[in-house]
Amino acid sequence: MKGISLSSCAGDSPLFRNKISFFEDLTEALESRVERIIAICREREEIARREKALNRELAALLEETAIHDLDPEDTEMLEMMESFVSVVQQVEEHRERVLDQRRIGVIQPMESFVKSDICAVKDLMHAFRKANSNTEAAAGKLCQCKRHELTLLSEASLHLHEARRIQHRTALQYVIEMNALHEKKRPELLERVVELLTCEASFHKLCQLQLQEVEGLVGRLFTQTQVQCIQLVWMTAGWTDKQHRYTARQTD
């Protein structure tokens, strides 16, 4: 997108004002989007930290279950439970690294971009509007002077000249920074998006690898569970038969 011509600052034409207004709207929209992205990343970070805490608690409880509630002689089942706990712990350790990477590579640079670039342009916007207001006020005072008031006319002319000089200097600086911002935003935002996608891909790739390991564990656990369920059914049937025999003897 073509920026604002520097030469148009001197004329202060309606076309120049329209261009300024157009780019100010772009800047406001840019700031709103970037701040929303930062807010979402921060919110996802909080959610991830809560999930990490819950998963670590789950892993600890599963580890305690394996120690206290499973058959200590069933070494295969214990090994599978320990492997699953290890998978959960590895995922959460990697999640912590990814959170740090996303904070350093995405959130902090975007916050810096807002503060050092967007806010700088907005500060110049306020200065530009103030300079315009001062110029209009100086021009109004000059128009109010009567022709025979030579001293007042001279002072008002000097004030208007100085106000226009400041207005032109401020407009030039404003346009330079505005153009620079909208040129810089492309590589800046693209770099942040690449960094964000890299973080997400890294985490989900590890999760996929760990999931493959978990799928193997689940298959083995399912087989063991089926065997134990069958054994429990036979044991329950035996207990029921014994209870019936005992009840029959008591009746006789």
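Just so we're clear, the structure is a prediction, and the values are computed from it rather than from any experiment. (Residues numbered from 1 in each chain as written. Predicted model: local features only at pLDDT ≥ 70, side-chain atom pairs only at ≥ 80, totals over all residues. Heavy atoms only, no water.)

1. Topic: the confidence of the model for the chain
Mean pLDDT over the chain works out to 82, with 82% of the residues at or above the 70 mark. Across the chain, element-level confidence peaks in helix 2 (residues 14-68) with a mean pLDDT of 89 and bottoms out in helix 4 (residues 150-251) with 77. (pLDDT = per-residue confidence, 0-100. Helix = DSSP H or I, 4+ residues; strand = E, 2+ residues; numbered from the N terminus.)

2. Thoughts on the packing of aromatic side chains
The tally for this structure, following the rule as stated, stands at 3 aromatic pairs. Here the aromatic rings of phenylalanine 22 and phenylalanine 23 are separated by 5.5 Å at their centres, their planes lie at 90°, and the arrangement is edge-to-face. With a centroid separation of 5.3 Å and 35° between ring planes, the pair formed by phenylalanine 128 and tyrosine 174 is classed as tilted. Taken together, the positions of phenylalanine 128 in helix 3 (residues 75-144) and tyrosine 174 in helix 4 put the pair 46 residues apart, joining distant regions of the chain. Judged by relative accessible area, which is 3%, phenylalanine 128 ranks as buried. For tyrosine 174, a relative accessible area of 0% corresponds to the buried category. (Phe/Tyr/Trp six-rings, centres within 6.5 Å; stacked < 30°, edge-to-face > 60°. Buried < 20%, exposed > 50% of the residue type's maximum accessible area, 1.4 Å probe, protein only.)

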